[in-house]
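# Summary of structural features
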Amino acid sequence: MIEIKNLKAEIDGKEILKGLNLSIGNGEVHAIMGPNGAGKSTLSYVLAGRDGYEVTGGSARLDGQDILEMEPDERAAAGLFLAFQYPVEIPGVQMTTFLKTALNAVRKARGEEELDAIGLLKLMKTKCKELGISDEMMKRAVNVGFSGGEKKRNEVLQMAMLEPKFAVLDETDSGLDIDALRIVADGVNALRAQNRSFLVITHYQRLLDYIKPDHVHVLADGKIVKSGGPELALELEKKGYGEFAKGQAA
Amino acid sequence: MNAQENNLAKFKPRYRAETADLALSEWERLVPASAEWVNALRRRAQMSVQETGLPTPKLERWKYTNLPAKLKKMDLVYKDADITLSGMTDYAYSFPKGMLHFPQWAQDRVEEDVPSHDKYGDMMLWQAANAYLKDGFILDIPAGVKSSKPLNVTMAGHAGAYFVPRQVIRVGEGAEFTLIEYQNGSGAYWGNIVTQIELHKGAKLNHYRFQENSENGVVTQNTHIVMKEEASYESFTLTTGAELSRHQIHVDMKGQRGECHINGVNMLDGSKLSDTTITIDHCASNCVSNQNYRNVVDDKATAVFQGKVHVHQIAQKTDGYQMAKSLLLSGQATVNTKPELEIYADDVKCSHGATTGRLDEEALFYLRARGIPEKQARNLLIQAFVNEVIENISSDEVREQSELVVGRWLMEQA
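Read on for a plain summary of the structure. Source: prediction; values computed, not measured.

About the criteria used
- Residues numbered from 1 in each chain as written.
- Chains lettered and ligands numbered in written order.
- Predicted model: local features only at pLDDT ≥ 70, side-chain atom pairs only at ≥ 80, totals over all residues.
- Heavy atoms only, no water.
- Helix = DSSP H or I, 4+ residues; strand = E, 2+ residues; numbered from the N terminus.
- Rg over C-alpha atoms; globule rule 2.2 N^0.38 Å.
- Buried < 20%, exposed > 50% of the residue type's maximum accessible area, 1.4 Å probe, protein only.
- Contact = heavy atoms within 4.5 Å.
- Pairing = 2+ DSSP bridges.
- Axes fitted to C-alpha atoms, helices over the stretch in contact; angles between N-to-C directions.
- Phe/Tyr/Trp six-rings, centres within 6.5 Å; stacked < 30°, edge-to-face > 60°.
- Lys NZ or Arg CZ within 6 Å of the ring centre and 35° of its normal.
- Buried area = accessible area lost by both parts, 1.4 Å probe.
- Salt bridge = Lys/Arg side-chain N within 4 Å of Asp/Glu carboxyl O.
- Left-handed = near helix turned anticlockwise from the far one by under 90°.
- Nonpolar A, V, L, I, M, F, W, Y, C, P; charged D, E, K, R; others polar.

### Details of the overall build of chain B
A count of helices and strands for chain B gives 9 helices and 20 strands. Its C-alpha atoms give chain B a radius of gyration of 21 Å, near enough to 22 Å, the size a compact globule of 414 residues would have. On the principal axes, the C-alpha backbone points of chain B span a range of 70 × 50 × 45 Å. Of all 414 residues assigned to chain B, the portion counted as buried reaches 61%. Partitioning the contacts of chain B with sequence separation of at least 6, the portion at a separation of at least 24 is 86%.

### Considering the sheet that holds strand 2 (residues 82–87) of chain B
Residues and elements named next belong to chain B. If you walk across this open sheet you meet the 9 strands as 2-5-8-10-12-14-16-18-20, and the pairing is mixed. Since the sheet does not close on itself, it has two edges, and those belong to strand 2 and strand 20 (349–357), each with one partner. Geometrically, the sheet is characterised by an average inter-axis angle of 10° between neighbouring strands, direction not taken into account. Pairing geometry for strand 8 (residues 176–185) and strand 10 (residues 204–212), over 9 bridges, is parallel. The residue bridging Gln 183 from the neighbouring strand is Gln 211, located in strand 10. Across the sheet, helix 8 (residues 374–390) touches strand 12 (232–239), strand 14 (259–268), strand 16 (288–297) and strand 18 (319–328), and the angle it forms with strand 16 is around 160°. Lying over the sheet, helix 9 (residues 396–412) contacts strand 8, strand 10, strand 12, strand 14 and strand 16, oriented at roughly 15° with respect to strand 10.

### Concerning the packing of aromatic side chains
The full count for this structure, using the stated rule, is 16 aromatic pairs over all chains. Ring centres of Phe84(A) and Tyr366(B) lie 4.8 Å apart, and the angle between their planes is 70°; this geometry places the pair in the edge-to-face category. Of this pair, Phe84(A) sits in the loop between strand 6 (80–83) and strand 7 (90–94) while Tyr366(B) is found in helix 7 (residues 361–369), placing the two residues in two different chains. You'll find Phe84(A) and Tyr366(B) in the same group, each marked buried. The interplanar angle of 40° and the centroid separation of 6.3 Å between the aromatic rings of Phe11(B) and Tyr15(B) together place this pair among those described as tilted. For Phe11(B), a relative accessible area of 11% corresponds to the buried category. Connected via pairs of aromatic rings, a cluster forms that spans Tyr45(A), Tyr53(A), Phe84(A), Phe98(A), Phe365(B) and Tyr366(B). A cation over an aromatic ring shows up here: Arg246(B) above the ring of Trp62(B), its NZ or CZ 3.7 Å from the ring centre. Directly above the ring of Phe385(B) sits Arg294(B), whose terminal nitrogen or CZ lies 5.9 Å from the centroid.

### Examining the interface of chain A and chain B
With 30 residues of chain A at the interface, the matching set in chain B holds 17 residues. When chain A packs against chain B, the two sides together hide about 1900 Å² of surface, and 67% of this comes from carbon and sulfur. Of all residues in chain A, Arg50(A), Asp73(A) and Val88(A) bury the most surface against chain B, accounting for 26% of the area lost on that side. Summed over the shared surface of chain A and chain B, the result is 4 salt bridges. One salt bridge connects Glu71(A) with Arg368(B), and the closest N-O pair in it is separated by 2.6 Å.

### A short note on the packing of helix 3 (residues 95–109) of chain A against helix 6 (residues 148–162) of chain A
The description of two packed helices rests on the angle between their axes and on the distance between the axes. Residues and elements named next belong to chain A. Where helix 3 meets helix 6, the closest approach of the two axes is 10 Å, and the angle between their N-to-C directions is 35°. Like other packed secondary-structure pairs, helix 3 and helix 6 cross with a definite hand, here right-handed. Listed contacts from helix 6 to Met 95, Phe 98, Leu 99, Ala 102, Leu 103 and Val 106 of helix 3 are Asn 154, Leu 157, Gln 158, Met 161 and Leu 162. For the contact of helix 3 with helix 6, the class distribution of residues is 9 nonpolar, 2 polar and no charged.

From the geometry alone we can't say anything about function, so treat these as descriptive.
And the structure:
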């Protein structure tokens, strides 16, 4: 259960989120849509705890715990996962090392037993197969030389391994062709579960054809300005964001 | 005028003769050698140092490293060097007592060789080492011998000691050998090491160093490598120790189609200063030289990297590469890098580069967003940075040891 209340945040003294309210129940998939500059990516970074995003008010609770007080890694251990819009390339850090370190750090923090190399390899192989990720990719450095589609699939792989309670997908559709989009969406859909909630952030309705949301919200000028069912996404696709763009800097 | 007199005239205004005492104050105590050539060499060298003093920052290649200032604060007495040989010792032996029965080739090298004819006028540490020529070993690998088992050399520093180890090494035609140096110790001391290596036709030497000297120790080391045709030399130095260290490497590529790799990783914390100064003289055609260094500098530490590739006119088809990358982990850490190319041949491929930066914040956040705690995430990125060099070490054993030393260094950081 995610409860975001009156969330305010700024970057370099400029207020971006201006009192955002959002509540996502267990197992639900919510979508946030909105024009450029509405604060979509800021919301994802604020939730994940990136430096430079200053929270000036409000709260964000994950199963009752205020995550805004936590370090980024503590948030991950608490069950938050951010699928990056632009996954970062990390030369010299091999995928397997990265996944093992991340998974065991999270397991340790959650009080679970750490996996040995063999256990990890098995788990990785299973998840890779499900997502159509080749073993060869696992031998490379994190995201280095990955295509746009591979990078996004890699995000879903990490999500599958870390088993979060709450996953935020930040413009996961950006830079993907239809085939890649389908693979990524299938991966996400496979992870939908009673105890796992999703927040899908997107500019276009297209992604929502593949990942069907329970609720759709419109984010404009740092606030949720309209909420509805899946039909709201279709409506936005037709009408555009024009009516919500008022009051924003051109 | 000979070369030395020339230098004296040219550099005299930059010399500080009074600093000679720092290296020579105990010289009179040195027991005379039985071999007359040694006594004569010591005397000549002692006189040379008395005239020039020790290198000060007034000299171009010592701009960033003030050795006399450091030595002045130390209270040292000349002591025997503590050198232990282990592993493949079949071809190695300590200098004989009284320096008698020295092999002629080794005597020739010791008597004649001051690299690059001392064109910078700053080889006084070499001279100071000559002035104390007594402790050391000879390693003489006969032609054709190939040993996969390395010779391990441990040089230990002891509190209050000034010691002067010498290594004289010859790898015969077509021979292959591995030498691993371990430098460590406790307390404040100064080791002034000279390593002379000659590689004959087609010879191959892998030379590794773990510089883990005491955090109050000072170590200065001159390594001079002379390579004949088709010889191959791989060097890797991992520096984690010494309050002040200067490692000066000079490669003379004298035969065609030689290949040398001079690599290293310096991991510095506290107020350590590590200076790596390299000169590669391409004196023959079709040779390859690579220099690849990584500096990780924390706290108030300083890394100095000065690398030079000198391509002589005759050295056509030279392939010279040099890269020094530095990672600053604190706001007070310092890096001084000076890459230099001096090219007189017209058909060569040479490149050099240097970068200095901080840990990539984006990468750090990405790792942390996946649940990896900050310290662990930083260590992963630092390991990746130094592994760019470590992964190229051809000895599996040394590569694994290096990873362990790096891991330990990272664990010890606050």
